[in-house]
Structure formats: structure tokens, C-alpha cells
Amino acid sequence: MNTVNLESKIIALPKLEDDRGNLSFLQNFDQIPFEIKRLYWIYDVPSGESRGGHAYYKLEELIIALSGSFDVVADDGTKKEKYHLNSSNQGCYIPMLFWREIKNFSTNAIALIVSSREYNANDYIYDYNVFKNITK
Ligand code: TYD
């Protein structure tokens, strides 16, 4: 059962507007409900491609459109939410045990993923039926 941090959501990040350029930030437990263990980013996505299409047993994450735009589809096993990300000062929070997919990348989009765990192939759920059974 998914018992903690049950909802995917948009998290608004600080934006310090400045004539020299804007600045945004996030910090463990202030803007995000977890401690950061890893960052990775997705870029140079060919037109029409999508990434993700899996869930994690334990990992939580925040997905930010650092450049360009894309959609994040978050599925808790019963309902799907689609978030359109197009701003560097907002992130899409995905709890553990959510099926998530990133699609409709614009040209030159960069997705930064802020992750609560180090990479571990055993934490992935790649089979949607397994995911559905776990989240029942
Ligand atoms: P994966 O998370 O499956 O990407 P996507 O869901 O977008 O298709 O990762 C793709 C490959 O990259 C996979 O072989 C594992 C590797 N990888 C790492 O080695 N370290 C990482 O931090 C990540 C995210 C992926």
C-alpha cells in the first residue's frame, strides 16, 4: 500500500527576480519533502519520444523543466494526473509507488530530476500489471 506522501503535485519553487537574471533554488525538506541523494537530467529528446514508463518501490522525486516544456503523467494506480511543466521555478513531485511518464518534450527541453535515492535497478517496477497489483 502507498501510505506516505500520497499525492503527486506541483511544488512552486522560490523565484528571485533580478535585472541580472532570475534565480530559483530548493533545499532538503524546505521546498521538497525528502533528502536529495541524486540528480540526473534528460535532454536532446527526439521529437515524439517519451521517457519513464515505470514506477519506483521507494524512490520519490521532483521533476523540473529547466528549459523548454514537457508533460508528466502521474498515475497512482487508480487515477492519472497530467502536469504541463514549462517553468524553471516549479517542479512536479512524484511520490513512491506512482507510475510516471514524461512526454511531449519541446525542442531543447531539459528535465532535471531530483531524486531521494541513489540509482538502484531493483527499485524499478517496469511491469504495469505488477504496479497495479501492488497499489490495489
Ligand atoms: P531509466 O531510469 O530506465 O530511464 P527512462 O525511464 O527515462 O527510460 O534509465 C535509463 C538507463 O540509464 C538505464 O540503463 C539505467 C541508467 N541510469 C543510470 O545508470 N543511473 C541513473 O541515475 C539513471 C536515472 C539511469
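What this report covers is the structure whose coordinates are included nearby. (Residues numbered from 1 in each chain as written. Predicted model: local features only at pLDDT ≥ 70, side-chain atom pairs only at ≥ 80, totals over all residues. Heavy atoms only, no water.)

Looking at the pattern of salt bridges
Close approach of charged atoms lets side chains of opposite charge pair. All told, the structure shown has five salt bridges when counted by the stated rule. For Glu7, the salt bridge goes to Lys79, with nearest N and O atoms at 3.8 Å. You can see Glu7 sitting in the segment before strand S1 (9-12) and its partner Lys79 sitting in the loop between strand S7 (70-75) and strand S8 (80-85), a full 72 residues away along the chain. On the basis of relative accessible area, Glu7 is assigned to the partly exposed category, the value being 46%. Take Lys79: its relative accessible area is 37%, and that puts it in the partly exposed class. Two residues, Glu61 and Arg100, come together in a salt bridge whose shortest N-O distance is 2.7 Å. (Salt bridge = Lys/Arg side-chain N within 4 Å of Asp/Glu carboxyl O. Helix = DSSP H or I, 4+ residues; strand = E, 2+ residues; numbered from the N terminus. Buried < 20%, exposed > 50% of the residue type's maximum accessible area, 1.4 Å probe, protein only.)

Thoughts on the site of the ligand
Around the ligand lies a shell formed by Arg38, Tyr40, Arg51, Gly52, His54, Tyr119, Tyr124 and Tyr126. Between an oxygen atom of the ligand and a side-chain N or O atom of Arg38, the distance comes to 2.4 Å. Here Arg51 contributes a side-chain N or O atom positioned 2.8 Å from an oxygen atom of the ligand. Within the complex, the protein chains bury 60% of what would otherwise be the 520 Å² of accessible surface of the ligand. Of all the secondary-structure elements, those providing two or more residues to the shell around the ligand are strand S4 (38-42) and strand S5 (51-56). If one sorts the elements of the shell around the ligand by residue count, S5 sits on top with three residues. When its residues are assigned to classes, the shell around the ligand shows four nonpolar, two polar and two charged. (Near = heavy atom within 4 Å. Polar contact = N/O pair within 3.5 Å; in protein donor to acceptor, adjacent residues only side chain to side chain. Areas by Shrake-Rupley, 256 points an atom, 1.4 Å probe, with all protein chains shown as cover. Nonpolar A, V, L, I, M, F, W, Y, C, P; charged D, E, K, R; others polar.)

Quick notes on the nonpolar core
The biggest cluster of nonpolar side chains holds 21 residues, and the ones touching the most others in it are Ile42, Ile63, Phe70, Val72 and Phe105. Contributions of two or more residues to this core are made by S4, strand S6 (61-67), S7, S8, strand S9 (90-94) and strand S11 (110-115). For this core, the element with the most residues is S7, which contributes three residues. Residues in contact with Ile63, not counting those within four places in the same chain, are Phe70, Val72, Leu85, Gln90, Gly91, Cys92, Ile94, Arg100, Ile102, Leu112 and Ile113. Ile11, Leu13, Tyr93 and Leu112 belong to the second largest nonpolar core, which has nine residues in total. (Core = buried A, V, L, I, M, F, W, Y, C linked by side-chain atoms within 4.5 Å. Contact = heavy atoms within 4.5 Å.)

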